[in-house]
Each structure stands twice: as structure tokens, then as C-alpha cells.
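Overview (structure and organization)
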Amino acid sequence: MSEIPLTHILFLSTVLFFIGIYGLFTRRNMITMLMSIELMLNSVNINFVAFNKYLYPEKIDGIFFSIFVITIAAAEAAVAIAIIINLYRSHHSIDVEDATEMKY
Amino acid sequence: MSPSAIIFYIISAFILGTGILAVTTRKIFRASIWLLFSLIGIAALYFWMQLEFLAAVQIIVYVGGIVVLIIFSIFLTIKSGEEMPKPILTRSIFAALAVLFGTGFVVRIISLYAFKPISTTTFNLSVNQIGTQMLDTKNYGYLLPFELISILLLAAMIGCIVIAIKSNEKDATTFQNSIQ
């Protein structure tokens, strides 16, 4: 446990965050974009937990932030999926390029 | 290298590999399954850090809740067997360049900064401690955020029902005509 420095865990979360960014940039399907956002939120959670455990071991505030982020991610996923299902009903497609009425 | 370090690197490779597959595979159902494995890997990382409570929360909420919700919505909206169209080449090249640059930038900043722990006490977390501080009104307790989150969850639930409820046929057809 102790021989892994904090920076290695931060490298892991950085790479995971940018994998999520890559998915968000290249995908045009709303469900896969939602999956990329979940990956990014998870990398932030890893950061919170690692900083708490390594730098402030006598406190547990990072754990609370992770729990709140997980809760908000659950609420956000539920609302996003309701929006996706509604979009599919009106457009018969969940590709973001097909919903262009409000563009420009 | 000790067994603990080897386990950490195996877990990291697992998380990153399945994460990359989740954002690059072209079958959407497979993408959701790779996302599931990536989230299980993150739960394993929490177990490795000896945060059993957070690992359990991660498995229950993400693996048991969000991924199942995503798979449901895949079955409700698109044909899961067919492949998605390839992303435009220039877009993926520029996205990869931006991602590589950003990763290099942040990794360099992190490696230049020396993180020094403030105290040297060992970290041990009990669920008892979490519960006590979560519902405490003083001593930096988290009662107010807890209540706010509960209101947010209620609002999200009502909002989902309102958004996804089936409107009657007349409204739907007028909307269809208006967008065509």
C-alpha cells in the first residue's frame, strides 16, 4: 500500500478522465456519451479518495464527497435516460446530429 | 516489487483497458458491458485502498443501478446488435490529439508537484465514523448536504416521470408535423 506513491493513482485517474473526454468527443450517440460522462465522474471519485487517504488520513471528507458524487451521478443518469427516451419517441433516433431544430 | 504494488498495476491496467474498449467499440451493447467491467475495476481499486464501504456503494449504485439502467435504455431505443457508424476520421484524429496533449500536460504537472502528507497517522475508516459524521449538525457534520441530496433525488424522480410520461397522440402528431 505505502510503496505506491500518490502520483501513480493520480496518473490513473488522469488517463481515465481523458479516456472519457475522448469518448465524449468522438461518439455521437447519446447513450455512449452518457457512458463517457460516467467514466469521467468515476475518475474524479478516485482523486477524492486518494487525496483523502494519502494527504489527510485523519479526516474522512473525501469519502463524503465521493458518496455525494455517486448519488448525483445516479440522479443525473436517470434524468438523462428519461430525456433520451423522450427524444427517441419524437425523432426515432438518439443521434445528437439528428436533433437540430434548435441549432443556430 | 511487492504483491500489493503488482495488484495495483493489474487493477489499473484492467480499468484503463476496459475503459478504452468502452469508448471505442462500435457495438453499443458491448460498450455498456465494457463500462460495467471498468466500474467493477474501480470498485476493486477501492477495495485495494481498504475502503470497503465505498467499494460496496460503488458496486450497488453503479454496477447494480446505472449500468442496468443504461442497458434498459439501449433495449428501449436502438437495435443492440447492429454496429454504430464509424466516427469521422478528422474528428477522431483531433480528439486523440487533444486527449494526448491534455494527458501529457496534466501528467507533467502532477509529476513535478511533490505531495507531502500533513500528518503521519494511518488511515482507518469505519462505517460507524461515516454514519456519525454524516448525520452530525456540528463538528463539520454533513447533515445539510445529506438533506439537500434527498430533496434532489426526489426532484429527479418526479422530473423523470414528467419527462418520460407518454403524452396523448394528438400532441405527438402536431409535434411531428411541426418539426418536419
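Right above here is the structure, for reference.
Reading guide: rules and limits
Residues numbered from 1 in each chain as written. Chains lettered and ligands numbered in written order. Predicted model: local features only at pLDDT ≥ 70, side-chain atom pairs only at ≥ 80, totals over all residues. Helix = DSSP H or I, 4+ residues; strand = E, 2+ residues; numbered from the N terminus. Rg over C-alpha atoms; globule rule 2.2 N^0.38 Å. Buried ≥ 20, exposed ≤ 12 C-beta atoms within 10 Å, placed from the backbone. Contact = placed C-beta atoms within 7 Å. Expected span 1.5 Å × (residues − 1). Axes fitted to C-alpha atoms, helices over the stretch in contact; angles between N-to-C directions. Parallel < 35°, antiparallel > 145°, perpendicular 65-115°, else oblique. Nonpolar A, V, L, I, M, F, W, Y, C, P; charged D, E, K, R; others polar.

A separate point is the overall build of chain B. The number of helices and strands found in chain B is 7 helices and 0 strands. Secondary structure elements in chain B, listed N-terminal to C-terminal, are α-α-α-α-α-α-α. Here chain B has a C-alpha radius of gyration of 22 Å; the compact-globule value for 180 residues is 16 Å, and the former is much larger. In chain B, which comprises 180 residues, the share counted as buried stands at 18%. Taking contacts inside chain B between residues at least 6 apart in sequence as the whole, the part at least 24 apart equals 48%.

Here the focus is helix α1 (residues 6–26) of chain A. For α1 of chain A, which comprises 21 residues, the first-to-last C-alpha distance of 31 Å matches the rise-based estimate of 30 Å (1.5 Å per residue) to within 8%. Across the 21 residues that make up α1 of chain A, a large majority, 15, are buried.

Residues and elements named next belong to chain A. Following both chains from N to C, one finds helix α2 (residues 30–55) and helix α3 (residues 61–91) inclined at 175°, their axes separated by 9 Å at the closest point. The orientation of α2 relative to α3 falls into the category roughly antiparallel. Residues Met 30, Ile 31, Leu 34, Glu 38, Leu 41, Val 44, Asn 45, Phe 48, Val 49, Phe 51 and Asn 52 of α2 form the contact with α3, whose participating residues are Asp 61, Gly 62, Ile 63, Phe 65, Ser 66, Val 69, Ile 70, Ala 73, Ala 77, Ala 80 and Ile 84. Taken together, the residues that form the contact of α2 with α3 break down as 16 nonpolar, 4 polar and 2 charged.

It is worth spelling out the interface of chain A and chain B at this point. Contacts between the two partners involve 59 residues from chain A, matched on the other side by 72 residues from chain B. Counting only elements with at least two residues in the side of chain A that touches chain B, the list comes to α1, α2 and α3 of chain A. The dominant element in the side of chain A that touches chain B, judged by the number of residues it contributes, is α3 of chain A, at 21 residues. Here the residues of the side of chain A that touches chain B are counted per class, giving 42 nonpolar, 12 polar and 5 charged.

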